[in-house]
Amino acid sequence: MQVRLGILLPGIVLLTIAFVVNGFTPINARVNHEDRVESVEVQLNVAGQIYEGLQERIEYSIGRVGEKILLDRSLSLLLSNQETVKTTIFNVFSKVLVGFKIEKVDLKVGNHTKVIIYLKPIPPLIQAVRLNIEVSGLAPELVFFTQEITAKVETELNHIFVGLPVESILWAEGIFNLVANYLLERELPGFNTKITLKTGVETVFNINLIPYGPVISDVKVDCSAVNIPVLFIKSKTNKYRNQLNLLKGLPVEFLSHYQLRLQEYFTARLNDSLKWDQTGMRVKLGIKPGVTTKVDVTVVSETFLVRFDTRYCMYDEESYWNFETYLGYHTEYYELFTRWYPFLNNPGGTIFVGCYFPLATNFSGGFEYEFEHSYKRIGFHFQFERGDYLELRLGIDGPTEGIIGIHINDQLNLELVDRDNTFGVQLKFIF
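First things first, this report covers the structure right here in the doc. (Residues numbered from 1 in each chain as written. Predicted model: local features only at pLDDT ≥ 70, side-chain atom pairs only at ≥ 80, totals over all residues. Heavy atoms only, no water.)

**Describing the environment of N227**
Here is the rule: Secondary structure counts use DSSP, requiring at least four H or I residues in a row for a helix and at least two E residues in a row for a strand, with both numbered from the N terminus. Per-residue accessibility, obtained with a 1.4 Å probe over protein chains only, is compared with the maximum for each type, and a residue is labelled buried under 20%, exposed over 50%, and partly exposed between these values. Pairs of N or O atoms are called polar contacts if they sit within 3.5 Å, as long as, within protein, a hydrogen donor faces a hydrogen acceptor (for residues adjacent in sequence, only side-chain-to-side-chain pairs).
Position of N227 relative to the elements: it lies in the loop between β7 (218-226) and α7 (231-234). Look at N227 and you get partly exposed, because its relative accessible area is 22%. Reaching out from N227, the side chain makes a polar contact with the side chain of R307 at a distance of 3.5 Å.

Put into structure tokens, the structure is as follows:
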């Protein structure tokens with residue numbers, strides 16, 4: 001970033017011309033073989049604290065002024081007229097560095113000439129920086145979110161500018177705006193900033209943030225469920241959509257930048273508004289930013305498990321339909337369940353009860369009992385992250401069954417089954 005000193009340049013140029021006319025014009029008439037200044041560096045030594053990065057930027061811009069004065073000058077003449085040169089530099093920079101008192105100027109003449117200026121801030125000094133931010137197109141419910149970001153930027157600006165002379169803002173306003181713009185663009189991407197500066201011991205940045213395209217124009221909500229039928233939550237889709245419509249008008253870039261934090265916010269908001277934590281259910285969100293933003297809402301029942309499945313089973317030349325009702329009670333230590341096949345035939349039995357225990361991550365084991373035939377089986381279940389699964393039910397005095405489940409989508413699985421060495425394929429539809 002380069003500091004803009006445009007309002008000073010006319011005066012600086014005039015001072016530089018005066019400097020050249022008052023005694024240094026003959027230097028250019030010297031023979032070309034004389035050593036000359038090839039580069040100029042300005043170093044500011046400021047009494048008290050000044051933000052290092054800000055000082056570097058001021059030094060860079062003031063260095064450009066130093067180059068106008070000293071670049072390509074004869075070293076021998078500079079050395080023989082050092083006091084005059086120092087006095088002239090003192091006078092030039094006293095005009096430029098308003099708000100600071102120049103206590104001393106040192107000059108190290110050489111091909112790389114260094115100008116060291118010792119400064120003392122002149123009170124009043126900036127004691128605090130405050131931001132007033134107005135955001136256009138933002139839902140009132142999300143204002144707190146930008147306020148958190150504003151507080152962070154305000155803290156950084158206080159760290160940078162507190163301790164500077166109030167009068168220095170007259171010539172350093174470009175620096176102030178440049179730094180503020182940089183921080184706001186970093187923390188609030190997708191917004192254009194309009195800054196008005198009110199100077200004083202408490203310096204105030206009045207900032208208007210205006211979204212620039214693309215912005216979110218529509219929010220589409222897709223609902224799914226884990227451990228309960230998705231039909232139970234479809235009726236609440238409009239409630240989800242009303243909450244998530246708060247995203248409309250936000251820049252897509254802003255949503256992408258704060259995607260995880262906004263997912264956490266809306267997850268908490270939906271859980272709180274629907275009071276589902278009291279029923280052992282919680283909401284999970286996945287947001288895909290875009291002009292049309294897609295939000296996947298998944299409701300997970302963590303305590304009471306209710307599933308309705310139907311299967312189309314094909315074994316050798318035999319095929320049939322089946323229907324299963326699963327009711328369970330789940331804790332972190334165990335899961336109690338009953339499975340019931342109420343309408344159609346199931347070769348393994350009709351009514352089961354059982355208990356499973358977690359053995360490792362995504363892996364559980366337990367036992368089950370079937371009432372009609374008094375079958376007893378030991379079972380194991382492993383769940384892959386993608387949704388695929390492996391099941392093994394070892395019959396003690398009943399059929400042994402192995403299942404490889406392939407997740408197709410939220411409503412459909414393909415199961416490869418081996419029941420007592422009889423191989424079959426099942427399509428499982430989940431309500």
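Next comes the rest of the account.
**Things to note about helix α8 (residues 237-244)**
Put simply, the rule reads: Working note: the arc is built from the helix axis to C-beta atom directions.
Regarding α8, the residues found buried are T237, Y240, Q243 and L244. Taken around the axis of α8, the buried residues stretch over an arc of 130 degrees, which confines them to a single face. Facing away from the buried surface of α8 by more than 90 degrees, the exposed residues are N238 and N242.

**Observations regarding the pattern of salt bridges**
For clarity, the threshold we go by: By definition here, a salt bridge exists when the distance from a side-chain nitrogen of Lys or Arg to a carboxyl oxygen of Asp or Glu is within 4 Å.
Scanning the entire structure with this criterion turns up 21 salt bridges. The closest approach of N and O atoms between K376 and D397, which form a salt bridge, is 3.4 Å. Residue K376 is located in strand β15 (residues 375-383), and its partner D397 is located in the loop between β16 (389-395) and β17 (401-409); the two are separated by 21 residues in the primary sequence. Here the salt bridges do not stand alone but share partners, grouping R311, E324, R339, E368, R377 and E415 into one network.

**Quick look at the packing of aromatic side chains**
Let me state the cut-off plainly: For Phe, Tyr and Trp, rings pair up if their centres lie within 6.5 Å, where Trp contributes its six-membered ring, and each pair is then called stacked (planes under 30 degrees apart), edge-to-face (over 60) or tilted (otherwise). Counting as a charge over the ring demands two things of the Lys NZ or Arg CZ atom: a distance within 6 Å of the ring centre and an angle within 35 degrees of the ring normal.
A complete count under the given rule lists 19 aromatic pairs for this structure. These aromatic residues form a ring-pair network of at least three members: F144, F145, F191, F254, Y258, Y265 and F266. Its guanidinium or amino end placed over the ring of Y118, K104 lies 5.5 Å from that ring's centre, counting from NZ or CZ.

**Points about the sheet that holds strand β5 (residues 191-198)**
Selection rule: Pairs of strands are assigned from DSSP output, requiring at least two bridges between the strands. Structural elements are reduced to axes, namely lines fitted to C-alpha atoms, with helices fitted over the stretch in contact, and the angle between N-to-C directions of any two is expressed from 0 to 180 degrees. By the convention used here, residues are in contact when the closest approach between their heavy atoms is within 4.5 Å.
Read across the open sheet, the three strands follow the order β4-β6-β5; overall the sheet is mixed. Of all the strands in the sheet, the pair left with one neighbour each is β4 (128-135) and β5. Neighbour to neighbour, the strand axes of the sheet diverge by 20 degrees on average, direction disregarded. When β5 meets strand β6 (residues 202-211), the two strands line up antiparallel, connected through eight bridges. Bridge pairing in β6 places K194 opposite N208. Where helix α5 (residues 143-161) meets the sheet, its contacts fall on β4 and β6, and the angle it forms with β4 comes to roughly 150 degrees.

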